[in-house]
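One-letter residues, chain by chain:
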Number of protein chains: 4
Amino acid sequence: MIIEVKRNLSENEINALAEKYNAIIVTDRNRNLLVSSSSLKEIEETGYEQIEQHWVFDNDMQLSSRKFMPQTRNVNIGSFTTGKDESIVIIGPCSVESEEQIEQTAALIKENGLTSLRAGCFKPRTSPYSFQGMGIDGLKLLAKMREKYGFSIVTEVRDSTHVDAVIEYADVVQVGAKAMYDHGILRACGKARKPILLKRGFGTTLQEFVQSAEFILSGGNANVMLCERGIRTFETKSRFTLDLCGVAYLKENTNLPIILDPSHAMGYAYGVPDLARACMAMNVDGLLIEVHPDPSVAKSDASQQLNHTQFNELIQSLHPIAKAVGRNIV
Amino acid sequence: MIIEVKRNLSENEINALAEKYNAIIVTDRNRNLLVSSSSLKEIEETGYEQIEQHWVFDNDMQLSSRKFMPQTRNVNIGSFTTGKDESIVIIGPCSVESEEQIEQTAALIKENGLTSLRAGCFKPRTSPYSFQGMGIDGLKLLAKMREKYGFSIVTEVRDSTHVDAVIEYADVVQVGAKAMYDHGILRACGKARKPILLKRGFGTTLQEFVQSAEFILSGGNANVMLCERGIRTFETKSRFTLDLCGVAYLKENTNLPIILDPSHAMGYAYGVPDLARACMAMNVDGLLIEVHPDPSVAKSDASQQLNHTQFNELIQSLHPIAKAVGRNIV
Amino acid sequence: MIIEVKRNLSENEINALAEKYNAIIVTDRNRNLLVSSSSLKEIEETGYEQIEQHWVFDNDMQLSSRKFMPQTRNVNIGSFTTGKDESIVIIGPCSVESEEQIEQTAALIKENGLTSLRAGCFKPRTSPYSFQGMGIDGLKLLAKMREKYGFSIVTEVRDSTHVDAVIEYADVVQVGAKAMYDHGILRACGKARKPILLKRGFGTTLQEFVQSAEFILSGGNANVMLCERGIRTFETKSRFTLDLCGVAYLKENTNLPIILDPSHAMGYAYGVPDLARACMAMNVDGLLIEVHPDPSVAKSDASQQLNHTQFNELIQSLHPIAKAVGRNIV
Amino acid sequence: MIIEVKRNLSENEINALAEKYNAIIVTDRNRNLLVSSSSLKEIEETGYEQIEQHWVFDNDMQLSSRKFMPQTRNVNIGSFTTGKDESIVIIGPCSVESEEQIEQTAALIKENGLTSLRAGCFKPRTSPYSFQGMGIDGLKLLAKMREKYGFSIVTEVRDSTHVDAVIEYADVVQVGAKAMYDHGILRACGKARKPILLKRGFGTTLQEFVQSAEFILSGGNANVMLCERGIRTFETKSRFTLDLCGVAYLKENTNLPIILDPSHAMGYAYGVPDLARACMAMNVDGLLIEVHPDPSVAKSDASQQLNHTQFNELIQSLHPIAKAVGRNIV
């Protein structure tokens, strides 16, 4: 249940109510909200004088629900705002590998009139014997690109030991598929004010996915976006299975902006253009596409990154699809 | 391996070769082909004088492979042909329920300038206590619509006890997700000359799916189309998970036309329009969409069928997407 | 809902009631039952005089439910009866390949004091270019073994074109994982009186699985056994994933005997002994284990069949486990 | 590749080799090992004089492979050692809730002659509005039980913000299904010397699971045990699907001890006894079973915990199964 308390309540009164209902206090645009478990369905008769309004839910998707806030949240990434008539195309390599590589990516972004750069510095590899990312040095290279070109920087936090550094350097903090249950990260993101791009775990139900977002929202950060990037199924010809039915569900039921990642879902560059067009046709707030100056030498995810020529062709074909669903690409 | 034998070979010589290589004889546009297991990788030195050419494969996707036939197969449904610059939108209710219902559907098809009508008569229900379809009476109603309006009729075979009746009445024989391993059906379809629309089982790998098509192709019917309609995954908010990554794989590797069914994948009408647009953006040969004059009273799949108003809105939005990928809708 | 009608009702009255409730008439040990959809929750006040008793259900698992019949069904396979204190171990090769091979298997069965022989004659292969089974000739070889040794013969029906032949020759009709939705087969099995061993499809929910059994039960054949043989999951190191949690569910909720097949689940001989012991520890009515005189030359499923030495070791280790859960192996 | 260097090499020489082969240095029982990616297949001709022996692998399961170390690792939990003829049954509630509750559990453990107590203090809940565990206070209660009764304490780390505290208080550090990709935790566990019980993520392949163990092993901690606790599949009647086929694979291919958790897999108490017996019949090093003095009031996982009476019955039935596979329960 979400309870909006009356404006004239003192801090003590609010705290007392929060304790009574076993609720988390969330401040949302000058309103004080108490968010308790969705198993709470009724408030006491006598309690109504302290309460402005309240919302009852079927499950713990509460602050994220369109029942609570019907319109899609407006999250700002540079001059772009979600929930309006633009769609953001965020590109870049899987990993920051060198300044030269990132400069080439920056040139591609500029050429195509885009505004955001993504690349990983702390790679959540499943093997200890693979490249683990450039770490802080990578973050510094990304920051340099921001200063030089004005791009928004999207980069990933892997675990809570370096979450503060990522929050400091990034414009959008990406929480990866393997980190999205990490309470240490979710709590740090809740305290931050930067936009959070929360990726769905490949074994994660939509319910759990949105509940992870609730950790951040109830922690006080209203700027959460969801990213579907493929789930694990029995099919092995593609790396994962992009769940657009799930996207339809999220769009219908939650107020969270949605960014789609066809690259990780497919795992092979040949399928990315068709899937990227399908993602754009879903009428979502943005796409995340892996692009590398020379995918054949990439230190991670070599098979799924587009080269620059392939991306230039793709972006041309995305514009009319975006237009067909009432969007402009930025 | 596929072996194309020299034109001057006698029937006896061809039969002898087929026996030698444990192969199925397939006649393909005046060529005699011998199709053996893909585990056969080499032919005897001395055998080359009887052989025009041969193709070696990694797995049993052979006649369906782009390695054998690079271009997408041209299958005719009325005046529409797959593999060209048109995309067919096939609509209709889950089940034939009455003449009035089918007449209303026919009016909707005509209104929108479409050419095909789909509806089931033999329903593969998972419960014996549900509506099982109108059977032959339904087929007759569909045939009546063909005569009256010139529509192509797409209808489903459930098991091999009535496969001959469906082949007789239908213009396109749909083999459903639960029937696609049925050798009785696959063999009957192989002997027929009508187009076959083979749906992927919800627990079926892409490999097995295409191998089912190989049963029909090697049976002598070259007119096979594939239909992705959602696979079963851990996610339960939607009925199935539409596998567009799999579609990208099929487009890249097989010469079989592809028709997509967003209705069964989603299971809920609210998600169908977004998904239908995404399917069209995948640049495929067609869509299959469930539409019912009044879904609330439908005898099967009530929740996922669009009403006519919803469909009229959807089709308007599909045209610009089709155009963006170089297609016209018929 | 299941309605047991009063014994004094005439055939006309029963038929009238069946029509009224849209029910299937099932005769069960001298009782006339009307089985309607589980969505029917109430009968009319005035109807009680015609009715002995009735059962209401949450879903279409009705005749198979322990709510209707609390004890496990007694199905006879030769002198063995399910639902008691014996467990049957049914062995044999994947496919009948030759008389010699089947004779070797028969010797192994006899040696170990077992009573049943399983082998397939109509193989539901996923590729048209693989061995498809010996067909009727195989059935005749199996029948010969029954005559010679008194074994019960368990063999599989692939599609409804040969279902009558399998019903005629077999002692237990196995309906395979790919055939279990086939209405043609399910209806023929419903009219038969022989025991049916229904295998779970690898993409089939427990709900659908039991509903397939309901087709046979409501068709009039009370002798249905369930066989779990692995479901398809994201894990590819084994061929399928044996679902023993599902077995726990079936044991708790249904009255259907359960036979487990560790061979198909694992797909590799090395894992079969451990899994067979785990299956026996689940306290079920029996096991199905693939054994071949020389797996390396088997025409199908070569990797998962035990050789005779391996089986002799396994069966020794199964006895104390069976004993620990109160069973004797036959 | 794993390279064992000659004993007479200086630290500088070892470091130079590690850099050359891009390898991690691991000290294993007085041997210096260099562990590099499995993509390294050959060493230079001239390098052999510095090398004692080396092992080549198909994939990044290296230190954990039976190819490197054929016998199961001996990990000590109190007086119990894995890889021998005992099996440990570790019980306790999902969460530490109060001293009284933990005392009742302790009494049950003592009564049944068991030696280990498990309970969670940092709960990895998927909703922010659920009970999150007692934290450090819970750890202190568990430590008290160790002092009082001599039990080994098994408790879970949720994220890297409190990993040091858990390592300090626990005898066995459990890394949960949602935390097993967490590099912060894995690295801290690699530096620790305590036994680590690594749970498989419910969306995690066996390959990734074992690679997570490689993070700990290559970090220098040889004491890693694996825990299968159910994977997420399409089946929803049970909470997860216990993957015993996967266990057969792990036993065959890795040298890591295995502990099985039937409680989380099933999610319902009624199925736990049958599954626990099946787990024991798999001949593994131990079981983890959730037991609560009164499951109906448990603050987490209420549905799956056995009460004490149920557990007393279960443990009686486990002894003969353990015996049948050559084990004693401790």
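The rules behind these values
- Residues numbered from 1 in each chain as written.
- Chains lettered and ligands numbered in written order.
- Predicted model: local features only at pLDDT ≥ 70, side-chain atom pairs only at ≥ 80, totals over all residues.
- Heavy atoms only, no water.
- Core = buried A, V, L, I, M, F, W, Y, C linked by side-chain atoms within 4.5 Å.
- Buried < 20%, exposed > 50% of the residue type's maximum accessible area, 1.4 Å probe, protein only.
- Contact = heavy atoms within 4.5 Å.
- Least-squares fit on C-alpha atoms with pLDDT ≥ 70 in both.
- Helix = DSSP H or I, 4+ residues; strand = E, 2+ residues; numbered from the N terminus.
- Pairing = 2+ DSSP bridges.
- Buried area = accessible area lost by both parts, 1.4 Å probe.
- Salt bridge = Lys/Arg side-chain N within 4 Å of Asp/Glu carboxyl O.
- Polar contact = N/O pair within 3.5 Å; in protein donor to acceptor, adjacent residues only side chain to side chain.
- Domains from an automatic or database assignment.
- pLDDT = per-residue confidence, 0-100.
- Phe/Tyr/Trp six-rings, centres within 6.5 Å; stacked < 30°, edge-to-face > 60°.
- Lys NZ or Arg CZ within 6 Å of the ring centre and 35° of its normal.

Turning our attention to the nonpolar core. The biggest cluster of nonpolar side chains holds 190 residues, and the ones touching the most others in it are Leu244(A), Ile289(A), Phe311(A), Leu244(B), Ile289(B) and Phe311(B). With near-sequence residues (within four places) excluded, Phe311(A) lies in contact with Val89(A), Ile91(A), Leu108(A), Asn112(A), Leu114(A), Ile289(A), Val291(A) and Leu306(A). Of all hydrophobic cores here, the second largest spans 188 residues; its members include Ala322(C), Cys121(D), Cys245(D) and Ala269(D).

Look at the two chain copies: a rotation about an axis and a shift along it is all it takes to match them. Rotating chain B by 180° and moving it 0.0 Å along the rotation axis overlays it on chain A with an RMSD of 0.0 Å. This pairing of chains is accounted for by a two-fold axis. Across chain B, the rotation axis passes nearest the C-alpha of Ala278(B), at a separation of 2.0 Å. When the interface residues of chain B are mapped onto chain A, 100% of them again lie at the interface, so the same face is used by both copies.

Residues and elements named next belong to chain B. Burial along strand E1 (residues 2-5) is two-sided: Ile2 and Glu4 and Ile3 and Val5, pointing in opposite directions, are all buried. Here E1 pairs with strand E4 (residues 51-55) via four bridges, running antiparallel. Residue pairing in the sheet places Glu4 in a bridge with Gln53 of E4. As judged from the three bridges shared by E1 and strand E3 (residues 31-35), these two strands associate in the antiparallel manner. Paired with Ile3 across the strands is Leu34, a residue of E3.

A few words now on the interface of chain B and chain A. Counting residues at the interface gives 41 residues for chain B and 41 residues for chain A. Overall, the association of chain B and chain A removes approximately 3,100 Å² of surface from exposure, summing both partners, and the carbon and sulfur fraction of that is 71%. If you sort the residues of chain B by the area they bury against chain A, Phe234(B), Lys237(B) and Cys245(B) come out on top, with a joint share of 21%. At the boundary of chain B and chain A, one finds four salt bridges. With a shortest N-O distance of 2.8 Å, Lys251(A) and Asp274(B) are connected by a salt bridge.

Below, the discussion takes up the side chain of Arg327(B). All names here are of chain B. Inspection of the secondary structure puts Arg327 in the loop between helix H10 (308-324) and strand E15 (328-329). Relative accessible area serves as the criterion here: at 10%, Arg327 is assigned to the buried category. A distance of 3.3 Å separates polar atoms of two side chains, one belonging to Arg327 and the other to Asp285. Setting aside chain neighbours within four positions, we find Arg327 in contact with Lys84, Asp85, Glu86, Ser87, Asn283, Val284, Asp285 and Ala322.

What follows concerns the pattern of salt bridges. Under the counting rule described, the total for this entry stands at 72 salt bridges over all chains. Between Glu4(D) and Arg31(D) there is a salt bridge, and its shortest N-O distance comes to 3.6 Å. Here Glu4(D), found in strand E1 (residues 2-5), pairs with Arg31(D), found in strand E3 (residues 31-35); they are 27 residues apart in sequence, far enough to count as distant. Here Glu4(D) falls in the buried class, since its relative accessible area comes to 5%. What makes Arg31(D) buried here is its relative accessible area of 16%. Here Lys148(D) ties to Glu103(D) by a salt bridge, and the two come within 2.3 Å at their closest N and O atoms. Taken together, the residues span a long stretch of sequence, with Lys148(D) in helix H3 (residues 136-149) and Glu103(D) in helix H2 (residues 99-111) at a distance of 45 residues. Ionic contacts of the salt-bridge type, sharing partners, join the residues Glu4(A), Asp28(A), Arg29(A) and Arg31(A) into one network.

Take the domain arrangement of chain A next. Here the domain parsing of chain A yields domain 1 (2-55) and domain 2 (76-329). Measuring from the centre of the C-alpha atoms in domain 1 of chain A to the corresponding centre in domain 2 of chain A gives 35 Å.

When pLDDT is low, close inspection of the predicted coordinates is not appropriate. Predicted confidence across chain A gives a mean pLDDT of 96, with 100% of residues reaching 70 or more. Confidence estimates for the predicted assembly give a pTM of 0.97 and an ipTM of 0.96.

Here we come to the relation of the copies chain B and chain C. Overlaying chain B with chain C gives an RMSD of 0.0 Å, the required rotation being 180° about an axis along which the chain moves by 0.0 Å. When the interface residues of chain B are mapped onto chain C, 100% of them again lie at the interface, so the same face is used by both copies.

The next point concerns the packing of aromatic side chains. Tallying each qualifying case throughout the model produces 20 aromatic pairs over all chains. Centroid distance Tyr149(B) to Phe151(B): 5.3 Å. Interplanar angle 15°. Geometry classified as stacked. An angle of 20° between the planes, with centres 5.3 Å apart, marks the rings of Phe202(C) and Phe240(C) as stacked. Separated by 38 residues along the polypeptide, Phe202(C) in the loop between strand E11 (196-199) and helix H6 (206-218) and Phe240(C) in the loop between strand E12 (224-228) and helix H7 (244-253) bring together distant segments of the chain. On the accessibility criterion, Phe202(C) (6% relative accessible area) is buried. Phe240(C) gets classed as buried once you look at its relative accessible area, which sits at 5%. Here the aromatic cluster, defined as three or more aromatic residues joined through ring pairs, consists of Tyr181(A), Phe202(D) and Phe240(D). Over the face of the ring belonging to Phe240(B) we find Arg229(B), whose NZ or CZ atom lies 4.3 Å from the ring centre.

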